[in-house]
Amino acid sequence: MYRRFGTCVALLALVSCRSYQYEPKMTDQDGLVPADQFARYGKEQAEAVAIAREYGKAAQGDTPEALAKQADAAMAYAKTLPDVATIGADPQGHRLTVSFKNGWRVGLPPIKDGKGGPETLANPAAPAAK
C-alpha cells in the first residue's frame, strides 16, 4: 500500500514538472488581436507593434548573450521612435517594457510574423510616425 502510494506521488511529481521554454508561450499570438489590427488603433500602438516586430526579427539564438543582443537591437530601434520615453528589457523573460511620452506603458513580447518595424509604420492603414 505504501509502496504504491510512494510510486504514485513520485509519478505525479514527475508529470507536474513544467518546461522552462518560455519563448513559445511568450511569442504565441493566438488569441490576441492581430498585430496589424492593433497597429491601427493609434500612433503609440503602431510604434509598440513596430518595436515588438523588430524584437522578433532580431532573434539570434537562445543563449543569454544572444537574448541580450536581441533585446539591445530592439531597444536601439525603439530609441529612434519619436514617442518612446523609456525602455527596459528582460531578455531571458522575452519581453520589453516601453513607456511612451503620453504616459502609456506596455510590455512587449517579440512578434515573429516576418515583418519589420519600418514596414509597420509605413503601412498606409497604420498612423504614420512623425
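Everything below is about the structure shown above.
Residues numbered from 1 in each chain as written. Predicted model: local features only at pLDDT ≥ 70, side-chain atom pairs only at ≥ 80, totals over all residues. Heavy atoms only, no water.

### Section: the environment of Ala-76
For the record, the criterion: Helix and strand labels come from DSSP, where a helix needs a run of H or I of at least four residues and a strand needs a run of E of at least two; each type is numbered from the N terminus.
Looking at the secondary structure, you find Ala-76 in helix H5 (residues 64–78). Taking C-alpha positions, Ala-76 is 9.8 Å from Glu-54, a pair spaced 22 residues apart along the chain.

### Describing the environment of Glu-47
The condition is simple: Residue burial is assigned from relative accessible area. The probe radius is 1.4 Å, only protein chains are included, and a residue is buried under 20% of its type maximum, exposed over 50%, and partly exposed in between.
By secondary structure assignment, the location of Glu-47 is in helix H4 (residues 43–57). Since its relative accessible area comes to 0%, Glu-47 is described here as buried. Remark: the alpha-carbon pair of Glu-47 and Phe-100, spanning 53 residues in sequence, is separated by 9.6 Å.

### A word on the nonpolar core
For the record, the criterion: Think of a nonpolar core as a cluster: buried Ala, Val, Leu, Ile, Met, Phe, Trp, Tyr and Cys residues, connected wherever their side-chain atoms sit within 4.5 Å. A contact between two residues is defined here by any heavy atoms of the two lying within 4.5 Å.
Ranked by size, the top nonpolar core spans 24 residues in total, and within it Ile-51, Ile-87, Leu-96, Val-98 and Leu-108 carry the most contacts. Looking at this core, the elements with two or more residues in it are helix H3 (35–39), H4, H5, strand S1 (84–90), strand S2 (95–100) and strand S3 (105–108). Among the elements that make up this core, the one with the highest residue count is H4 (seven residues). What Ile-51 contacts, discounting residues up to four positions off in sequence, is Ala-74, Tyr-77, Ala-78, Leu-81, Val-84, Ile-87, Leu-96, Val-98 and Leu-108.

### Some points on the packing of aromatic side chains
Our working definition: Pairing of aromatic rings covers Phe, Tyr and Trp, the last through its six-membered ring, and needs centres within 6.5 Å; plane angles under 30 degrees mean stacked, over 60 mean edge-to-face, and all others mean tilted.
Applying the stated criterion across every chain, the model contains two aromatic pairs. Between the aromatic rings of Phe-38 and Tyr-41, the centroid separation amounts to 5.5 Å while the plane-to-plane angle is 65 degrees, which identifies the pairing as edge-to-face. Pairing Phe-100 with Trp-104 gives two aromatic rings, centres 5.2 Å apart and planes at 20 degrees, and the pair type is stacked.

### Regarding a nonpolar patch on the surface
Heads up, the rule is: What goes into a patch is any residue over 30% in relative accessible area without a salt bridge, connected to like charges within 9 Å or, for nonpolar side chains (Val, Leu, Ile, Met, Phe, Trp, Tyr), within 5 Å. Per-residue and other accessible areas were derived by the Shrake-Rupley procedure at a 1.4 Å probe size, with only the shown protein chains allowed to occlude residues. Should a side-chain nitrogen of Lys or Arg be within 4 Å of a carboxyl oxygen of Asp or Glu, the pair is scored as a salt bridge.
Taken together, the side chains of Leu-11, Leu-14 and Val-15 define a hydrophobic patch exposed on the protein surface, amounting to about 340 Å² of accessible area. On the secondary structure map, Leu-11 appears in helix H1 (residues 2–16).

### Section: the sheet that holds S3
In plain terms, the rule: Two strands qualify as a pair provided DSSP detects at least 2 bridges between them. Structural elements are reduced to axes, namely lines fitted to C-alpha atoms, with helices fitted over the stretch in contact, and the angle between N-to-C directions of any two is expressed from 0 to 180 degrees.
Taken in spatial order, the three strands line up as S1-S2-S3 in an open sheet, and their pairing is antiparallel. The open sheet is flanked by S1 and S3, the only strands paired with a single partner. Ignoring which end each strand starts from, the neighbouring axes of this sheet average 20 degrees apart. Pairing between S1 and S2: six bridges, direction antiparallel. Its bridge partner lying in S2, Thr-86 is registered against Ser-99. Lying on the sheet, H5 is in contact with S1 and S2; it crosses S1 at an angle near 175 degrees.

### Focus: the pattern of salt bridges
Under the defined criterion, the tally for this structure stands at four salt bridges. Here Asp-36 ties to Arg-53 by a salt bridge, and the two come within 2.8 Å at their closest N and O atoms. Taken together, the positions of Asp-36 in helix H3 and Arg-53 in helix H4 put the pair 17 residues apart, joining distant regions of the chain. The salt bridge partner of Asp-83 is Lys-43, with a shortest N-O separation of 3.4 Å. Taken together, the residues Asp-83 in the loop between H5 and S1 and Lys-43 in helix H4 connect sequence positions 40 residues apart. Under the relative-accessibility criterion, Asp-83 is labelled buried at 15%. You can call Lys-43 partly exposed: its relative accessible area is 23%. The structure contains a network of salt bridges with shared partners spanning Asp-36, Arg-53, Asp-113 and Lys-115.

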